[in-house]
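# What the coordinates show
The residues making up each chain are set out below.
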Amino acid sequence: MKSRLLCVLSALTLTVSGCSLLPIETDVKEGFVRIKNQYDNTPNRNESIFLFCHNQRVIEHQTNREYPAGKHNLWVMVNVADTVHNSAGREAVVNFNVDLPAGKKYILNGQMLDQNAEMAVWIEDFDNAEVVSPIVKTSLKNPSLVPYQLRKKQCESSSV
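Residues numbered from 1 in each chain as written. Predicted model: local features only at pLDDT ≥ 70, side-chain atom pairs only at ≥ 80, totals over all residues. Heavy atoms only, no water.

## Some points on the state of the cysteines
Each disulfide consists of a covalent bond between the sulfur atoms of two cysteine residues. Worth spelling out the cut-off: The disulfide criterion used throughout: a pair of cysteine sulfur atoms within 2.5 Å. Going along the chain from the N terminus, every DSSP run of H or I of four or more residues is numbered as a helix, and every run of E of two or more is numbered as a strand. Categorising residues by exposure relies on relative accessible area from a 1.4 Å probe, with only protein chains included: less than 20% of the type maximum marks a residue as buried, more than 50% marks it as exposed, and the intermediate range marks it as partly exposed.
By the definition in use, this model includes 1 disulfide. Paired through a disulfide, C53 and C155 show a sulfur-sulfur distance of 2.0 Å. Where C53 bonds to C155 through sulfur, the torsion about that S-S bond is close to -85 degrees, and the disulfide is left-handed. Taken together, the positions of C53 in strand β4 (residues 53-54) and C155 in helix α2 (residues 148-157) put the pair 102 residues apart, joining distant regions of the chain. Here C53 matches C155 in class, with each residue buried.

## Examining the sheet that holds strand β3 (residues 45-51)
Put simply, the rule reads: Should DSSP find at least two bridges between two strands, the strands are regarded as paired. In this analysis an axis means a line fitted to C-alpha atoms, helices contributing only their contacting stretch, and an angle means the value between N-to-C directions, from 0 to 180 degrees.
On the basis of which strands lie adjacent, the open sheet formed by 4 strands has the order β2-β3-β7-β8 and antiparallel pairing. Each having just a single partner strand, β2 (38-41) and β8 (90-100) make up the two edges of the open sheet. Taking each pair of neighbouring strands and ignoring which way they run, the sheet shows an average axis angle of 15 degrees. Of the pairings in the sheet, the one linking strand β7 (residues 70-82) to β8 comprises 11 bridges and is antiparallel in character. Residue pairing across strands places K71 opposite D99, the latter belonging to β8.

## Points about α2
Cut-off, in case you're wondering: Picture the helix axis, draw a direction to every C-beta atom, and the arc is the one those directions span. Any two residues having at least one pair of non-hydrogen atoms within 4.5 Å are treated as being in contact.
Looking at α2, one finds that the buried residues are R151, Q154 and C155. Taken end-on, α2 shows its buried residues confined to a sector of 95 degrees, consistent with a single buried face. Exposed residues on α2 whose side chains face more than 90 degrees from its buried face are Q149 and K153. Considering only its buried residues, α2 is in contact with β4, β5 (57-58), β7 and β8.

## A short note on the environment of D99
Note that D99 resides in strand β8. The spatial distance from the C-alpha of D99 to the C-alpha of S133 is 8.6 Å, given a sequence separation of 34 residues. Apart from the residues lying within four places of it in its own chain, the contact partners of D99 are G70 and K71.

The following block contains the structure:
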């Protein structure tokens, strides 16, 4: 009986304290901006739009992060995969030079223009959906076999 009570009490404590440990931030630090990546996984398609540089190095995927406000050179990766046909996926890289005012949250966004062939990509204000960057149309291509050196150079020129 004592062990059952202890187990229930432990589970309840972990549940309550677990929620308080989640890194959910609503306010942006003073002098910073938050950039959110876009991940849209539906039963038929996986689509991701994300910054592929952090600390001027190439990374696979990253979490939403805060960066100092101001002018930025951002490199964005777009990945689209058709899960119905198990395609290898298509990708594109887009570069944005933008000035992002402090205290705001932004999200990387995009819209398919042609089925797995072309996509429009932009950065928008998370709270009011105002587009804050040029809308860049890009062709989706098969992933490069040896893109690392190119990606490394791109990240070295990145501001994040």
